[in-house]
Amino acid sequence: DLDANAEFIRLADTFVEVPSGKNVNNYANVDLICETARAQKVDAVWPGWGHASENPALPTKLKELGVTFIGPTAPVMSVLGDKICANILAQTAGVPSIPWSGDGLTANLTAEGTIPDEIFQKGLVKTAAEAAAVADRIGYPVMVKASEGGGGKGIRMCASREEIDANFPQVQSEAPPGS
């Protein structure tokens, strides 16, 4: 996995190789990153892009170790990682949005930097019937998407109420728990 010719490797005072293979064994492994940071006595961690850089557990655990996380705080990361929260945040900032279940919602962030739950719930669709009502309002086709997750899981295009009825349970079954 190590690209010895990469400029960031050549410029580094030192580097630590991590196990190869699936990213759960290295770049997405919060425990491994934190243990490496502790063992190397680092002051800060910049996680790059993707993998653990999108996991709110990383800045939380690093803070517990007294290591600075170079990136957003855990609550902000949670907001940006959730499709509903991220859309509400964008709308709050005045970013034009396409119609969706929560179009028009705005929020003042909580002291922790999160979207208040009562606002979040207004953008959430919990049943196929609710999804169909939104689709009837905004027009077909629509994308039915879990608020968390990625990689093409938990998302379906629906061109009719019948497709929503068929696809909604599939989206729910593919989505990460709690999304």
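In what follows, the structure referred to is the one given above.
These lines cover the structure that appears in this document, whether it is placed above or below. A quick note: this is a predicted structure, and the numbers were derived from the prediction, not measured.

**Some words on the packing of helix 2 (residues 30-40) against helix 3 (residues 57-64)**
Okay, step 1: Relative orientation of the contacting elements helix 2 and helix 3 amounts to 30 degrees, with a least axis distance of 10 Å. Taken as axis vectors, helix 2 and helix 3 run roughly parallel relative to one another. In the crossing of helix 2 with helix 3, the sense of the turn from one axis to the other is right-handed. Note on element contacts: helix 3 touches helix 2 through A57, L58, K61 and L62, opposite V30, D31, I33, C34 and A37.
Okay, step 2: Of the residues belonging to the contact of helix 2 with helix 3, the class tally is 7 nonpolar, no polar and 2 charged.

**Focus on the environment of L105**
Okay, step 1: Among the secondary structure elements, L105 is positioned in the loop between helix 5 (83-92) and helix 6 (117-123).
Okay, step 2: With a relative accessible area of 15%, L105 lands in the buried category.
Okay, step 3: Distance in space between the C-alpha atoms of L105 and L89 is 8.8 Å, their sequence separation being 16 residues.
Okay, step 4: In contact with L105, not counting residues within four places along its chain, are I88, Q91, I119, K122 and G123.

Rules behind the numbers
Residues numbered from 1 in each chain as written. Predicted model: local features only at pLDDT ≥ 70, side-chain atom pairs only at ≥ 80, totals over all residues. Heavy atoms only, no water. Axes fitted to C-alpha atoms, helices over the stretch in contact; angles between N-to-C directions. Helix = DSSP H or I, 4+ residues; strand = E, 2+ residues; numbered from the N terminus. Parallel < 35°, antiparallel > 145°, perpendicular 65-115°, else oblique. Left-handed = near helix turned anticlockwise from the far one by under 90°. Contact = heavy atoms within 4.5 Å. Nonpolar A, V, L, I, M, F, W, Y, C, P; charged D, E, K, R; others polar. Buried < 20%, exposed > 50% of the residue type's maximum accessible area, 1.4 Å probe, protein only.

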